[in-house]
Amino acid sequence: MTVSCCDFSVMKTEVDRTANGSSKDENRPLEDNLENRKPRKRFISRRSFLSKTIALGAGTVGAGLLGSVRAAEASSSLSPGDAALLRFPAALEVIEADFWIQYNELGGSPDDEVPGGHGNEAYTDALEVIEDEMQDYIHDNTDDEITHHQFLNAYLVSKGANPAVLNRFRTLMGSTATGVNRGKIGKRLTNLTQLTIDTSWWTRYRDDSHNPDLDPNHVFPQAVPTLARNQHTAIPRTDADTSDANFLQAIANTAAFHFPTIEQGGSSLYPSLAQRATDVEVLRILMSIGPTETMHFQTWSDVAGNAPPLTAVDPVTGVSVTFPDLEVENELLDKALIMPEPCPFLSRSLPIVSIIRPTNTQGAAMGALRFLTDMGLFIGQSQAFFAYMTQLAQEADAATRGI
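Residues numbered from 1 in each chain as written. Predicted model: local features only at pLDDT ≥ 70, side-chain atom pairs only at ≥ 80, totals over all residues. Heavy atoms only, no water.

Undergrad: What am I meant to see in the overall build of the protein here?
TA: Along its length, the protein carries 10 helices and two strands. In sequence order, the secondary structure elements of the protein are arranged as α-α-α-α-α-α-α-α-β-β-α-α. Taking all 403 residues of the protein together, the buried fraction comes to 54%. The long-range share in the protein, meaning contacts at least 24 apart out of those at least 6 apart in sequence, stands at 78%. In the structure as shown, the protein presents an accessible area of about 15900 Å², 53% of it carried by carbon and sulfur atoms. (Helix = DSSP H or I, 4+ residues; strand = E, 2+ residues; numbered from the N terminus. Buried < 20%, exposed > 50% of the residue type's maximum accessible area, 1.4 Å probe, protein only. Contact = heavy atoms within 4.5 Å. Areas by Shrake-Rupley, 256 points an atom, 1.4 Å probe, with all protein chains shown as cover.)

Undergrad: What should I look at first to understand the nonpolar core in this one?
TA: The tendency in soluble globular proteins is for nonpolar side chains to be buried side by side. Counting 89 residues, the largest nonpolar core has F88, Y103, L166, F257 and M389 as the members making the most contacts within it. The dominant element in this core, judged by the number of residues it contributes, is helix α7 (residues 245-274), at 14 residues. In contact with Y103, other than residues within four places in its own chain, are G108, Y123, I138, L192, L195, A234, I235, A255, H258 and F259. (Core = buried A, V, L, I, M, F, W, Y, C linked by side-chain atoms within 4.5 Å.)

Undergrad: What is the right way to read the pairing of strand β2 (residues 320-323) from this model?
TA: The alternating pattern of β2 places V321 and F323 on a buried face, while none of S320 and T322, on the opposite face, is buried. Note that strand β1 (residues 310-313) and β2 share four bridges and pair antiparallel. Across the sheet, residue A312 finds its bridge partner in β2, namely V321. In textbook terms, the turn of a hairpin is the stretch between consecutive antiparallel strands, and for β1 and β2 this stretch comprises six residues, one of which, G318, has a positive phi near 80 degrees. (Pairing = 2+ DSSP bridges.)

Undergrad: What is the right way to read the environment of T292 from this model?
TA: With respect to the helices and strands, T292 occurs in helix α8 (residues 280-304). Spatially, the C-alpha atom of T292 lies 8.4 Å from that of D144, the residues being 148 residues apart in sequence. A distance of 2.6 Å separates the side chain of T292 from the backbone oxygen of I289, its partner in a polar contact. (Polar contact = N/O pair within 3.5 Å; in protein donor to acceptor, adjacent residues only side chain to side chain.)

Undergrad: How should the side chain of S268 be read in this particular structure?
TA: If you trace the backbone, S268 turns up in helix α7. Those residues in contact with S268 that sit more than four places away from it in its chain are I356, R357 and P358.

Undergrad: Hey, could you run me through the confidence of the model for the protein in this one?
TA: Interpreting fine coordinate detail is not advised for predicted regions of low pLDDT. Averaged over the protein, the pLDDT score is 86; the fraction of residues at 70 or greater is 81%. Segment residues 1-72 is flagged for pLDDT under 50; beyond a separation of four residues in sequence, or across chains, it makes 165 contacts in the model. (pLDDT = per-residue confidence, 0-100.)

Undergrad: What exactly am I supposed to notice about helix α3 (residues 80-107) here?
TA: Because each turn of an α-helix spans 3.6 residues, side chains separated by three or four positions end up pointing in the same direction. Under the 1.5 Å per step criterion, the end-to-end length of α3 is 40 Å for 28 residues, consistent within 8% with the ideal 40 Å. Within α3, 27 of the 28 residues are buried, leaving the element largely enclosed by the surrounding structure. (Expected span 1.5 Å × (residues − 1).)

Undergrad: I'm lost on a negative patch on the surface in this one. Help?
TA: Where like charges cluster on the molecular surface, the negative patch consists of D111, D112, E113, D132, E133, D136 and D140. Position of D111 among the secondary structure elements: in the loop between α3 and α4 (121-130). Residue class for D111 comes out partly exposed when judged on its relative accessible area of 33%. (Patch = residues over 30% accessible without salt bridge, like charges linked within 9 Å, V, L, I, M, F, W, Y side chains within 5 Å. Salt bridge = Lys/Arg side-chain N within 4 Å of Asp/Glu carboxyl O. Lys, Arg positive; Asp, Glu negative; His and termini not counted. Charge placed at Lys NZ, Arg CZ, Asp CG, Glu CD.)

Undergrad: Sorry, what's going on with unusual backbone geometry here?
TA: Note: most peptide bonds trans; most residues except glycine with negative phi. Note the cis peptide between R357 and P358, where omega equals 0 degrees. One can find P358 in the loop between β2 and α9 (364-375). Here the phi dihedral of L346 falls at roughly 70 degrees; this positive angle occurs in a residue that is not glycine. Mapped onto the secondary structure, L346 falls in the loop between β2 and α9. What makes L346 exposed here is its relative accessible area of 63%.

Undergrad: Quick question: what am I supposed to make of the packing of aromatic side chains here?
TA: Given two aromatic rings, one states the distance between the centres and the angle between the planes to describe the pair. The final tally for this structure, using the stated rule, is 19 aromatic pairs. Seen from their ring centres, W201 and F297 are 5.5 Å apart, and the 80 degrees between their planes marks the pair as edge-to-face. Of this pair, W201 sits in helix α6 (residues 201-204) while F297 sits in helix α8, placing them 96 residues apart in sequence. Owing to a relative accessible area of 1%, W201 belongs among the buried residues under this scheme. Chaining the aromatic ring pairs together yields one cluster made of F99, W100, Y103, Y137, F259 and W300. (Phe/Tyr/Trp six-rings, centres within 6.5 Å; stacked < 30°, edge-to-face > 60°.)

Undergrad: Explain the packing of α9 against helix α10 (residues 383-398) to me, please; I cannot follow it from the model alone.
TA: In helix packing, the relevant descriptors are the interaxial angle and the interaxial distance, both defined with respect to the helix axes. Packing of α9 against α10 leaves a shortest axis separation of 7 Å and a crossing angle of 150 degrees. Classified by the angle between their axes, α9 and α10 sit roughly antiparallel to one another. Mapping the contact onto sequence places A364, A365, M366, L369 and T373 in α9 and F386, M389, T390, A393, Q394, A396 and D397 in α10. For the contact of α9 with α10, the residue count by class is eight nonpolar, three polar and one charged. (Axes fitted to C-alpha atoms, helices over the stretch in contact; angles between N-to-C directions. Parallel < 35°, antiparallel > 145°, perpendicular 65-115°, else oblique. Nonpolar A, V, L, I, M, F, W, Y, C, P; charged D, E, K, R; others polar.)

Undergrad: Would you explain the pattern of salt bridges in this entry?
TA: Opposite charge on two side chains lets them pair, provided their charged atoms get close. Applying the stated criterion across every chain yields a total of eight salt bridges. The partner of R170 in a salt bridge is D98, and the shortest N-O contact between them spans 3.3 Å. Taken as a pair, R170 in the loop between α5 (134-158) and α6 and D98 in helix α3 lie far apart in primary sequence, 72 residues in all. For the residue pair R170 and D98, the accessibility class agrees, reading buried in each case. Within this structure, R237, D241 and D314 form a network of salt bridges that share partners.

Undergrad: How should the packing of α4 against α7 be read in this particular structure?
TA: Here α4 crosses α7 at 60 degrees, and the two axes come no closer than 9 Å. Regarding the angle of α4 to α7, the classification is oblique. In this structure, α4 crosses over α7, and the sense of that crossing is right-handed. Counting all contacts with α4, which are made through A122, Y123, A126, L127, V129 and I130, the residues of α7 involved are L248, Q249, I251, A252, N253, A255 and A256. Partitioning the contact of α4 with α7 into residue classes produces 11 nonpolar, two polar and no charged. (Left-handed = near helix turned anticlockwise from the far one by under 90°.)

Shown next, in the form of structure tokens:
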């Protein structure tokens, strides 16, 4: 997808004031008093950026763009590469917090830690068919992602580097069902209602013969093939979606598989980016946050296996989805096998080993952005959003490990 649209001349260096773009009393402070400690503003012409004809998926970034970033951050105590390695995941954590907040409003436990919304009883009940502690799990995952982007952005600013700023892209509708934060309708970053979910991670982590780093062309089977086709909603779009119990359970099942699909991406991204870090403290940050994403993935991959088998048809789109019974003897699909199977790593001449996969650092950031885009998470977003995220991803992929 080529990124192009109307011009905007300045990318403001304002910091998201809260996890969901709201005022301080609606959530914990995002970066206390960061506005008084902001780094020098970075002015990058969007026309200049787009004139490089950067496409989503391109592997390189123009030298002129990187030069302008380096010049803007000349006073930072972080190298431009290390700053980029933190800024891209900071942006992804803002995005992740946005959709987890939506899940928490409808099916989690809104409270002083993660305020906003008051729950949707029917949706919550459907989620608890899958896991009776689902409310707490959703709440705690949401809280974690909020702290991740708060920390990463605050650290960047403390070092004189620019944070990831996405407030101007909070334009998507989101759900209007009972339980959502009414003040956030039309002010979301992400779209949870038109998802195409790749569940091949399920078999990838159960396969002892293939690793996407060594076998990039191997096709891992989908755990839920119909989720990988067409578009599916993971939250009730309106109260009408809660009137059919079978379809509502399908929505909850979709969410249950979306949770680990997202978190396995973070499990791979952090170690992939860490290999490019120069500063030992930046390396420490990436290596410390990454394992929490893996803990999320492990939890959600276990929970997803409890989704009840069913077939349902979306009354709005006419799209059918089927959730199979994953209590099977097939080792690639058995829901009980939640520990990563050993697989080839680095070289087939070495013994197989249980690892996170993939962790190839080449193009890792652009790969993550492409993965999220293909999922449909950004359907409805502006071309300016894709330009900004592409810039951050390409800067991260261009970082090189120094001495």
